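Here is how the chains run, residue by residue.
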Amino acid sequence: MSIIPLSASGQNLTDKKDSVQKIQPGIQWDTTVKVLPVKYPEHLIGVRYDFSFTGVSMTPDMGIKSINSPLNIAVLYTYYHPLWGAYDFFGLQTGLRYSKYGFVNDEYQFEHFEQTVTFVELPFLSAFHIDLGEHFRILLSLGPFVGYRFATTKDNGFDCFDIRFDYGIVGGAGLAYILGKRIEFHLEGAFHYSLSMLYHPEKMSSTSWIYSYPWQASINFGVHFKIK
C-alpha cells in the first residue's frame, strides 16, 4: 500500500520536469575559462637627449623669432604597472630635465629683451604603451611639469619683472625598440607649453600688458635600462 503512492509521486515529478523542459528551451552555458598571461610591473631608469625648437608666444605680437636648443638632457624613471596583473598599457614617468628656451629680436630692439633662459624641469606624466610583439612598443605620454628658471643670457640677469617659477603641460608620442630583456631605445616627439609667463605682464608698461608663454617642440632619443 505504501509503495504505490511513492511510485505515483515519482512519476508526477518526472512528468512535471518533462513539461518544464518542453516549455522552456535549454540554455547552454559556456564554461570555458580564458587564462591571460600574467604581466609583471617594470621599473626603468633612462637617459634622454633631445633637440628642441623653442620660442615664446607673446600677446601683443612683439616681432620675435624662435631659436634652437641643441643640448637638453633628462634622467628619467618609468614605472609600468599592469592593471589586475593582465593589462600592461599604463605607466607613470618622472625625472629631472635640463633644458633651454628663448627668442631673438626681429622687428623691435628693446634693451635686455632678447634672451635665452636655462631651467630645470620635473615632469609627472601618464606613460601609456602598446606592445607590438616582443621588440616594439608604441609610446604615448601626457601630464604636467614644474620647473625653475635659474639662468639667463640677459646682460643684467633676472630683474623683478622676470618670473622664475615654471609650470605647464607636456605631451609626446613615439616608438620603443626592446633589445633583449634589459634595454630599450626610445625615439619620441614632444611638445612643452609653459602656463607660467616669462615676464610679469607690466614689464614693458603698466597700461599695455604683455603676455609671454614659452614653448618647446622637441625630438628625443633615450636609452632605458630595466632594473626589475
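Quick caveat: nothing in here was measured; it's all calculated off a predicted structure.

### Remarks on empty space enclosed by the protein
Next up, step 1: Summed over all chains, the structure comprises three cavities of 30 Å³ or more.
Next up, step 2: Empty space within the largest cavity amounts to approximately 100 Å³.
Next up, step 3: Taken together, 14 residues make up the lining of the largest cavity; nearest its centre are R48, Q93, L125, V170 and H192.
Next up, step 4: Looking at the lining of the largest cavity, the elements that each hand over two or more residues are β2 (64-80), β3 (91-105), β4 (115-132) and β7 (183-194).
Next up, step 5: Its volume calculated, the second largest cavity comes out at about 70 Å³.
Next up, step 6: Lining the second largest cavity, in full, are T78, Y80, Q93, A127, F128, L139, L140, S141, H186 and E188.
Next up, step 7: Among the elements of the structure, β2, β4, β5 (136-152) and β7 are those that each provide at least two residues to the lining of the second largest cavity.
Next up, step 8: The element that contributes the greatest number of residues to the lining of the second largest cavity is β5, accounting for three residues.

### Focus: the sheet that holds β2
Either a parallel or an antiparallel arrangement is found when strands of a sheet pair, and the pairing is made through backbone hydrogen bonds.
Next up, step 1: Strand order in the closed barrel formed by eight strands is β1-β2-β3-β4-β5-β6-β7-β8, with antiparallel pairing between adjacent strands. The sheet shows a mean angle of 20° between the axes of neighbouring strands, taken without regard to direction.
Next up, step 2: Alignment of β4 against β5, held across 14 bridges, turns out to be antiparallel. What sits directly across from A127, in β5, is S141.

### Overview of the pattern of salt bridges
Side chains bearing opposite charge may pair, as long as their charged atoms lie close to each other.
Next up, step 1: This model, assessed by the stated rule, comprises 10 salt bridges.
Next up, step 2: As a salt-bridge pair, E184 and R137 come within 2.6 Å of each other at their nearest N and O atoms. Highlighted residues: E184 in strand β7 and R137 in strand β5, separated in sequence by 47 residues.
Next up, step 3: Under the relative-accessibility criterion, E184 is labelled buried at 2%.
Next up, step 4: Salt bridges sharing partners connect three or more residues here, namely E42, D131, R137, E184 and K226.

### Thoughts on the nonpolar core
Next up, step 1: Judged by nonpolar contacts, V56, M58, M62, Y101, F103, F113, V117, F119, L198, Y199 and I210 together constitute the single largest core of 11 residues.
Next up, step 2: Of all the secondary structure elements, the ones that give two or more residues to this core are β1 (42-59), β3 and β4.
Next up, step 3: Residues within four places of Y101 in sequence aside, it is in contact with T54, I67, T116, V117, F119, R149, D166, S194, L198, P214, W215 and Q216.
Next up, step 4: L44, Y80, A127 and A176 belong to the second-largest nonpolar core, a separate cluster that totals five residues.

### Observations concerning the confidence of the model for the chain
Next up, step 1: On average, residues of the chain score 85 in pLDDT, and 79% of them reach the 70 mark or higher.
Next up, step 2: Looking across the chain, the model is least confident in helix α1 (residues 3-23), with a mean pLDDT of 48, and most confident in β7, with 97.
Next up, step 3: Note on residues 1-11: pLDDT under 50 across the span, and zero contacts to partners over four residues away in sequence or across chains.

### Comments concerning the layout of surface pockets
Next up, step 1: Its boundaries defined by the atoms lining it, the largest pocket holds a volume of some 210 Å³.
Next up, step 2: Its residues assigned to classes, the lining of the largest pocket comprises one nonpolar, two polar and seven charged.
Next up, step 3: What the second largest pocket holds in volume is close to 180 Å³.
Next up, step 4: In this structure, the second largest pocket is lined by 11 residues; those nearest its centre are K39, Y40, E42, D88 and K226.
Next up, step 5: Partitioned by chemical class, the residues of the lining of the second largest pocket number four nonpolar, no polar and seven charged.

### Some words on the packing of aromatic side chains
Next up, step 1: Following the criterion strictly, the structure yields 10 aromatic pairs and no others.
Next up, step 2: Taken together, a centroid distance of 6.4 Å and an interplanar angle of 15° make the contact between F185 and F221 stacked. Of this pair, F185 sits in strand β7 while F221 is found in strand β8 (residues 211-226), placing the two residues 36 residues apart along the sequence.
Next up, step 3: Look at F185 and you get partly exposed, because its relative accessible area is 27%.

### What to know about the environment of D61
Next up, step 1: For D61, the position within the fold is in the loop between β1 and β2.
Next up, step 2: According to the relative accessible area criterion, D61 is exposed, its value standing at 62%.
Next up, step 3: Each C-alpha atom, one on D61 and one on Y211, is 9.5 Å from the other, the two residues being 150 residues apart in sequence.
Next up, step 4: Looking at D61, its side chain comes within polar contact range of the main-chain nitrogen of G63, at 3.0 Å.

Calculation criteria
Residues numbered from 1 in each chain as written. Predicted model: local features only at pLDDT ≥ 70, side-chain atom pairs only at ≥ 80, totals over all residues. Heavy atoms only, no water. 1 Å grid on protein atoms, 1.4 Å probe; cavity = no way out; pocket = protein on both sides within 12 Å on 5 of 7 lines; lining within 4 Å. Points joined across faces, edges and corners; volume = space filled by probe spheres on them. Helix = DSSP H or I, 4+ residues; strand = E, 2+ residues; numbered from the N terminus. Pairing = 2+ DSSP bridges. Axes fitted to C-alpha atoms, helices over the stretch in contact; angles between N-to-C directions. Salt bridge = Lys/Arg side-chain N within 4 Å of Asp/Glu carboxyl O. Buried < 20%, exposed > 50% of the residue type's maximum accessible area, 1.4 Å probe, protein only. Core = buried A, V, L, I, M, F, W, Y, C linked by side-chain atoms within 4.5 Å. Contact = heavy atoms within 4.5 Å. pLDDT = per-residue confidence, 0-100. Nonpolar A, V, L, I, M, F, W, Y, C, P; charged D, E, K, R; others polar. Phe/Tyr/Trp six-rings, centres within 6.5 Å; stacked < 30°, edge-to-face > 60°. Polar contact = N/O pair within 3.5 Å; in protein donor to acceptor, adjacent residues only side chain to side chain.

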